[in-house]
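# Inside the fold
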Amino acid sequence: MTNGGLLISLDSNSHTCYMKEDPLSYRVMVDNLTIIFEKENDPSILRAPSAGKLVRFLVDDGATICAGMPYAEIEVMKLIMTLTVEHSGTLHYIKRAGAILSPGTVVANLILDVGGELVSTTNYEGKFNFSNSGSTSERAHQVFYNCKHTLETIMAGYCKPEPYFTTDLSSTIDTLLKALKEPMLPLLEMQDVIATISGRIPVVVEKSIRDLLHQYASNITSVMCQFPSQKLANVIDEYAANMANKNERDMFFMNTQDVMQLVQRYRGGLRGHMKTTVEAICNAYLDIEKHFQYHHLEKCVKELKSTYESEEVMNIVKSHSQVHRKSAVVVSLLDTLSNTEPQLTEEMTELISELTKLSHAFNSKVALKARKVLIAVYQPSYDMRRNQLERIFLSAIKSYGAQESSADLEKLISSDTAIFDVLPEFFFHNNIGIRATALEVYVRRAYIAYQLQSLQHDNIDGITLTEFQFMLPPTHPNRMSKSPSLPRVTSVSDELHEYIGNVDPYCQRMGLMAAFSSIEEFELNVDKVLERFPGISNDSQSTFLEGTSPLFREIKANVSEPLHILCIVIKLTSQIDDDTLSQRFKKICDRQSELIVKNIIRRITFMVVTPFEYLRVFTFRPDNVSAMVTSLAVQREGRTPMDLNPEFKEDQIYRHLEPAMAFQLEINRMRNFNLKAIPCQNRRLHMYLGIAKNSGPVKDARFFVRSIIRHSDLVTQEASIEYLHNEAEKLLLEAMDELELSFTNPLFEKTDCNHIFLNFVPTVMIDPSRMADYVRDMVLKYGNRLWKLRVLCAEIKFTVKQSVDGEKSTVRILVNNESGYFLDIVTYKEVFAEDSGIVVFSAIDPSTGPLDNMAVNVPYLPKDHLQSKRFQAQSQGTTYVYDFPELFIQTLKARWNAHCAQHGLTMPNEMLKCVEMVLDRNNKIQPVHRQPGSNTIGMVAWRMTLFTPEYPHGRDVIVIANDITFQVGTFGPEEDMLFQKASELSRKEGLPRIYLAANSGARISLADNLKSLFKIAWENPDQPEHGFKYIYLTPADYKSISTENCVKAELIEDEGENRYKITGIMGKDGTTGTQVLQGSGMIAGESSEAYNTVVTLNLVSCRAIGIGAYLVRLGQRVIQVDNSHIILTGSAALNKLLGRDVYNDNSQLGGVQIIGGVLEPEGTVEIRFRKKDLKKVMMRTDPVYKQLISEIGRMLPSKEKSEKEADLLKREEVLLPLYHTVAVHFADLHDVPSCMAEKQAIHEIVEWANARRYFYWRIKRLQLQHDLYKRLSAINSKLKLKHFLTMLQRWFVGSHGTVQSYLWDDNQAVVTWLEDQLELEKTTGQSTISSEIKFLYNDYLIENIKQSLDGNSELAMDCISKMSELLTPSQRSKLMSNLSSDAT
């Protein structure tokens, strides 16, 4: 309201609210009720008013202090602030001197002298009621308003905290949808509207409206009843049409406006109103989130500011701040609608399609859900597909043997339609024929890639069995790995060998599939099922296809490994979780292990059928194959095996995957990785998380997403192209959806080199090269999304033929984008290699591919060193340093392509010559030829020759680049030296200097060798919270590092032992703060000089921090990639230093819209002494912490272990702030004056008491010296500063004598001498300095004359003749004498 109050509507009642802030309280007035909230004002708790460092206490711990007295001093941004107490009392320390303080940190407690007069504040320990506090009315329209308002509030960014938000969300949505379906809803809304306008509209209109509402109410339960929206609109329109007076008509329309708005909302009935309401909520989400899709937050806000008013921008950003909770609303709404109102989602496809276009990570769940809803919209319902299957099966049974029924079943088997959720229901159909047909369709569909040789049906006590015999296909890994080893019994199997060719018997398999209505039923019949297989022993009663399989009698005599497979389908009437089922199936297998071995069964697969769900699949194999092989050998010899039966374990890689399909998914190619199956919501896809085996220091985790596409063969080229293109793009989108869903799990977000494999089973007519072009276009179309998901490799496998009667061949397209800027596509054909007897890849492209002549089952290789480095760089938003030369080449190619196309020229063969430059032992820059990634420092330099259209013969440049994968691109002494020498080379030869910046500033490290050695002297060892006195080394530790000259320490005696108290830390690697400053200053000066000498160009690809920021700004010409940062230090370190979150991210400090030294100890600790390092020090120095860790590591009962872990966490909470203070002190010791002087980073240490006097004389000396240098520079412009200082020192020593030469280091003495010289020159015109300047001037003139006449004797003679005219006769005579003596 205009008076600053708020008008709040609650439960249809209005309340006026005001708030006034008083010095000690907040006064809140609601209607006539006043409530006072007191501010926290506890004088017994002394807090820090701002961030800073506690310098010292001014009174002792436990001392009495009076009101108004100071008790401590803190340092705030280099200023000292005094803290005082408001009341008298006894002071007790909480923090110790040196502690880092945040605003509000408790520094000390004060026990008040008059404790009874003050009441301390205490924390509220009750719970707030965040449950829905809307109207308790059950009237439909009020329920609807409340729920709609709740969701609109969430969309505006105002949400309840957890867990209340999640708890209330589902009930709110369910209640809203229920209210929207209530027929009374429009009636009640209209009645409310009529009540508010009654008396303001004509009686006849009101009566007509009430009559229509009464008629609707009297038929409200009728299924034919519809809310009379159109009739209500007609009543108003007809009355208005008869009104002649325009003013009266306008007033009538204004009074009936609410009626017309309600009529419009219900014009499509209850269903239309529901659609409008849901779309409004989704559009509210979409309208906000579309502003934040393509840039980082800061840039998005900047663009909003240029378009909207400030208040609107604030509302948009506020709404976006709750994007995750808003996303939960939309996902829940879509999920509920797709399950309960599928037809409504079909009507909303346009809006849902817009939701799928949201590309940012924080909208991924909404985009995924929207895609799944769209897929469900276009997919037939479960009931429809079930009825269709039943019709096909009944038709097949009735017309057994007819060509038409067989064709229908063939289509069903090869169709890509999802049937595995519907098909299992028919395994238990009342019709025995349908049961057998369903089992056969399943077998033939699952084994479509195999050579299925025979299939028969049978039954045991009413249970239908399907027995089948098949052969492994030529490219199956188990077939390719076999070599003939058994003697062939010609008389037995010649006929079969003639049929199948010379094939190893072990490529043959027998399978059995049976369906049981319960687990118990299977357990009763398991023996009968297992005995169906032809076993080893002579008494086997098997009749399993015995008459048609003579080869198996040969195997039976010589078998050395299990061959058969068993598939058991079990129907569940209740829900049982996967792990419980797995354990139960394992027990069944273990109990029957002897019979399983006897009948040479290699695997048992259990398929669990639950209504309306896909099959759940569990595959069990022997965990010890050697034990099973031994059992087979013992049985073959007629002996009884003893305790050799193996234990069975589930192969979890195949959970919920039919093992027969694993061959088509090429699971075997992932054998270099430890695999974990990741559940997919899309059953067409199979996803695995692979962790490279024996990966060593290079960590390699990646996703493998794989899919099989079934369809009938396509007989025309046009249909093939359309099919492959559409199906591949659809599957690619689905694969990316699954990856996005997995990336929401923080455990999986660091995966790299993710891989997509699509296997098209049908034969297509297409030119493989044409398909490669389609693939390229598709990858480029979704390039950003693929890159974000780290999908760097993809394969598409399909069978092609050139004509209808042409020969079939298997083709595979491999796509690789490891570098991120070059898409490598190679097309292979799978061919049989006569020499090796295996199927191999053969590149179709003119250039040989990397897999050329390799076996088609070659395993995927884990990441190598370069790939790991590349991932590190790309994860930080930049290009790996050794990929830049190739990036230059690609850019040059693009330039030449355009130039050649325009001028009709031929592109040159060579685009770039590149030679890496390194430093030798003497720090001289030298060319070197070595492999990429061989650098041992975080800086790389090249001399490049660029062949451009403007310089076709080449132009040399010097390129210097940070390697962000080495010490996160920091500058150390070696990096500084290489940068310096490379830049000097560019200036020396006049070559442009290009600097590619991707760094983290100066390498300010802490002495790691001391981190693991120093100990802490506590004020009270039993109570560390009282603070520490100093850190020290034991004599033994000090002796072990004394030769490294990395620490300054003084020997003291404390607590009954000798200690070396650390007073300064210099480190041993040259990367402490003072040392790094020297190198930073050197290259900063060099960059400034380079800008004045040559062309300098700088590219900031991700970040330039500290000295890196200085370098790019000193180079002046800067290209800054969007979302990169040029800053002095990071936002996290600054926030830590300031004690509060001032900056959200680095873009606020140095983003493109803002375009930039040693970190304070607090910031250094934030980077170099983190929590994990503090825990290591605790483990080493705190006996209690160490003991708890030791006890937790033992085999303790779970309850006792939990208690110990809780104690450990409490100990950590106590120690972490204290050890953080120790770490800050440790960091501070690296930059003490004594260490600076030791490393020659400063000239001398100035005592604080003499500082003002010292700097007065020092500044005055520098001013006088500068004035004199300017005077001499006017005479000789080439005079360098260091040469001037050397001359000045010589003149000073000449005036004072060598005995007093030490006075040159005395600023006051030098100032006195310089002032005396100036005074003498002013009064007498003569002084030592003026004489020296005169001689210097004469020498400079003579040198210039000599240089001018050098090599021109005739001009010299003319000059001498002319100048001799200016001489006196005596001078002329002397000149002649000098010339004569020189001649002799």
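Described in the following lines is the structure provided in the data block. Computed from a predicted model, the values in this text were never measured in an experiment. (Residues numbered from 1 in each chain as written. Predicted model: local features only at pLDDT ≥ 70, side-chain atom pairs only at ≥ 80, totals over all residues. Heavy atoms only, no water.)

What follows concerns the sheet that holds strand β35 (residues 1047-1054). The sheet built from 4 strands is open, its strands ordered β33-β34-β36-β35 with antiparallel pairing. Two strands lie at the open edges of the sheet, namely β33 (1015-1018) and β35, each paired on one side alone. On average, each strand axis in the sheet is tilted by 50° relative to the strand beside it, whichever way the strands run. Relative to strand β36 (residues 1057-1065), strand β34 (residues 1028-1033) runs antiparallel, the two being bridged by 2 bridges. By the bridge assignment for β36, Tyr 1032 is matched with Lys 1061. Across the sheet, helix α41 (residues 1198-1228) is in contact with β33, β34 and β36; its angle to β34 comes to roughly 60°. (Pairing = 2+ DSSP bridges. Helix = DSSP H or I, 4+ residues; strand = E, 2+ residues; numbered from the N terminus. Axes fitted to C-alpha atoms, helices over the stretch in contact; angles between N-to-C directions. Contact = heavy atoms within 4.5 Å.)

Residues Val 259, Leu 262 and Val 263 constitute the buried set of helix α7 (residues 257-265). Within α7, the buried residues cover an arc of 105° as seen down the axis, which keeps them to one side. Where α7 is buried, its residues touch α3 (184-197) and α5 (229-241). (Buried < 20%, exposed > 50% of the residue type's maximum accessible area, 1.4 Å probe, protein only. Arc of directions from axis to C-beta.)

Here strand β6 (residues 52-57) pairs with strand β11 (residues 100-101) via 2 bridges, running antiparallel. If you follow Lys 53 over to β11, its bridge partner there is Ile 100. As defined by bridge partners, β6 adjoins strand β8 (residues 70-76) across 4 bridges and the pair is classed as antiparallel. Residue Arg 56 lies in a different strand from β8, and its bridge partner there is Glu 73.

Let us now look at a nonpolar patch on the surface. On the surface, Leu 6, Ile 8 and Leu 10 cluster together to form a nonpolar patch covering roughly 270 Å² of accessible area. Checked against the element boundaries, Leu 10 lands in strand β1 (residues 6-10). Using a relative accessible area of 43% as the deciding quantity, one classes Leu 10 as partly exposed. (Patch = residues over 30% accessible without salt bridge, like charges linked within 9 Å, V, L, I, M, F, W, Y side chains within 5 Å. Areas by Shrake-Rupley, 256 points an atom, 1.4 Å probe, with all protein chains shown as cover. Salt bridge = Lys/Arg side-chain N within 4 Å of Asp/Glu carboxyl O.)

For Thr 751, the position within the fold is in the loop between α26 (717-743) and β23 (754-764). The class for Thr 751 is buried, based on a relative accessible area of 2%. Sequence-wise, Thr 751 and Phe 871 are 120 residues apart; in three dimensions their C-alpha atoms are separated by 9.6 Å. Residues in contact with Thr 751, not counting those within four places in the same chain, are Leu 689, Ala 701, Arg 702, Phe 703, Phe 743, Arg 790 and Phe 871.

Judged by pairing direction, the sheet is mixed, and its 7 strands sit side by side in the order β13-β14-β15-β16-β17-β18-β19 without closing on themselves. For this open sheet the edge positions go to β13 (451-460) and β19 (648-650), each flanked by a neighbour on one side alone. Taking each pair of neighbouring strands and ignoring which way they run, the sheet shows an average axis angle of 20°. On top of the sheet, helix α17 (residues 432-446) reaches β13, β14 (463-471), β15 (508-516) and β17 (601-609); it is set at about 25° to β14, its chief contact. Set on the sheet, helix α22 (residues 578-591) makes contact with β16 (564-571), β17, β18 (616-622) and β19; between it and β18 the angle comes to about 35°.

So, about the environment of Leu 286. By secondary structure assignment, the location of Leu 286 is in helix α8 (residues 269-289). Given a relative accessible area of 11%, Leu 286 falls into the buried group. The contacts of Leu 286, once residues within four sequence positions are left out, are Leu 351, Glu 354, Leu 355 and Leu 358.

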